[in-house]
Amino acid sequence: MGLRLKFNLVLTGVFLAGFAIAGWTSYELLQRNAREEILRHARMMMEMALSIRGYTSTQVRPHLQAQLVQTFLPQSVPAYAATEMMGDLRKKYTDYGYKEATLNPTNPRNRATDWETDIVTSFRNNSANREIIGERDTPTGRSLFVARPIQIADSGCLVCHSTPAEAPKSMLALYGEANGFGWKMNEIIGAQVVSVPTSLPIESANRAFVTFMTSLAVVFVLVFIALNVMLSRMIVRPIQSMARAADAVSIGNFEIAEFESGTKDEIGVLGASFNRMRRSLQKAMRMLEG
Ligand code: HEC
């Protein structure tokens, strides 16, 4: 096995091992970052929804008390305001979603679907659980959701959500008496569910991964070429010509030209030593012949 092949085998082995380790760690890191970014988005949307809710109940509702007796305005309901505003956001960010998924909702559009019902049920079964994070496939791609329980913590809620008899007449005129009643104090009646598409951050993580691995491979190819050229020019070829000269000298052929390396590295020093040895040999032979 030639020097070049040995070097190349070791080099390729080292590179493959490095490529695998770098690939695995960078892939894991990029995916984790992408997932954290998605989660940060989702949590921010959740906080936005809570802010809209808070704004509606503290700054809008108090001004509409008198009006609400005459005509009920859904715009004064925090759940309605949050759902509407987040719905508006969807015009621009189509795959994002916000829902106040409720088992027995006042407005049918808030009714929990199958998978949302599972989430609400698990919150109801374990009230210590304050957040559920998960992923699911949707028609527009994979989506991450963050869900938090909606609990009746304020007896003021029961004015409109306990029995139709207690609810404002204007509200009954708009929503009827069939839904959104029978809620109890401290009961978990639903969940706020924020959905964020995962495709974009995951795609850009994958792109970054491919770019990184390609540049790593390019660097290896360049190192490989440079090392091979250097090995051939500085070591393999001089040694081959030195071997040829040694062969010639060994059969008494001193016609062959002196070894020329022109460098001061180890090979150059070896060449000079070889030339000296050859001259001494030639002198000794002449003395013998003479
Ligand atoms: C003045 C009456 C009123 C009060 C008080 C009220 N709600 Fe509502 N709530 C409504 C109406 C009406 C809707 C339906 C809004 C819509 O059309 O989306 C609603 C909707 C909701 C929804 C969305 C699911 C559904 O039923 O459609 C949740 C969750 C909710 N309310 C929770 C609460 C909580 C928690 C409180 C107390 C902090 C509260 N509500 C206080 C009238 C009220």
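For the structure, see preceding data.
All of these numbers come straight from a predicted model, not from anything done at the bench. (Residues numbered from 1 in each chain as written. Predicted model: local features only at pLDDT ≥ 70, side-chain atom pairs only at ≥ 80, totals over all residues. Heavy atoms only, no water.)

Asks: Explain the environment of Thr58 here, please?
Replies: Of note, Thr58 is situated in helix H1 (residues 3-60). C-alpha of Thr58 to C-alpha of Ala81: the two residues are 23 residues apart in sequence and 13 Å apart in space. Separated by 2.8 Å, the side chain of Thr58 and the backbone oxygen of Gly54 make a polar contact. (Helix = DSSP H or I, 4+ residues; strand = E, 2+ residues; numbered from the N terminus. Polar contact = N/O pair within 3.5 Å; in protein donor to acceptor, adjacent residues only side chain to side chain.)

Asks: Honestly, the sheet that holds strand S2 (residues 132-138) in this entry has me stumped. Any pointers?
Replies: Taken together, the four strands give an open sheet; going across it, the order is S1-S4-S3-S2, and neighbouring strands pair in antiparallel fashion. Of all strands in the sheet, those bounded by a partner on one side alone are strand S1 (97-102) and S2. Along the sheet, successive strands turn relative to each other by an average axial angle of 30 degrees, direction set aside. In terms of strand pairing, S1 meets strand S4 (residues 188-197) through six bridges, oriented antiparallel. Opposite Thr102, over in S4, you have Gly190 as the bridge partner. Relative to S4, H1 is tilted by about 135 degrees, and along the sheet it contacts S1, S2, strand S3 (141-151) and S4. (Pairing = 2+ DSSP bridges. Axes fitted to C-alpha atoms, helices over the stretch in contact; angles between N-to-C directions. Contact = heavy atoms within 4.5 Å.)

Asks: What is the right way to look at the pattern of salt bridges in this model?
Replies: As a working rule, side chains carrying opposite charge can pair if their charged atoms are close by. Tallied over the entire structure, the rule returns twelve salt bridges. Between Asp137 and Arg142 there is a salt bridge, and its shortest N-O distance comes to 2.9 Å. Ionic contacts of the salt-bridge type, sharing partners, join the residues Arg35, Glu135, Asp137 and Arg142 into one network. (Salt bridge = Lys/Arg side-chain N within 4 Å of Asp/Glu carboxyl O.)

Asks: Please explain the nonpolar core as it appears in this structure.
Replies: Where a protein is soluble and globular, its nonpolar side chains tend to be buried together. Val194 and Val196 are the most contacted members of the largest nonpolar core, which totals 19 residues. When residues of this core are traced back to their parent elements, those giving at least two are H1, helix H3 (78-89), S3, S4 and helix H7 (199-250). In terms of nonpolar packing, the next biggest core, distinct from the first, is built from eleven residues, Ala101, Ala112, Phe123 and Ile188 among them. (Core = buried A, V, L, I, M, F, W, Y, C linked by side-chain atoms within 4.5 Å. Buried < 20%, exposed > 50% of the residue type's maximum accessible area, 1.4 Å probe, protein only.)

So, to be careful, I would describe these as geometric facts and stop short of saying anything about function.
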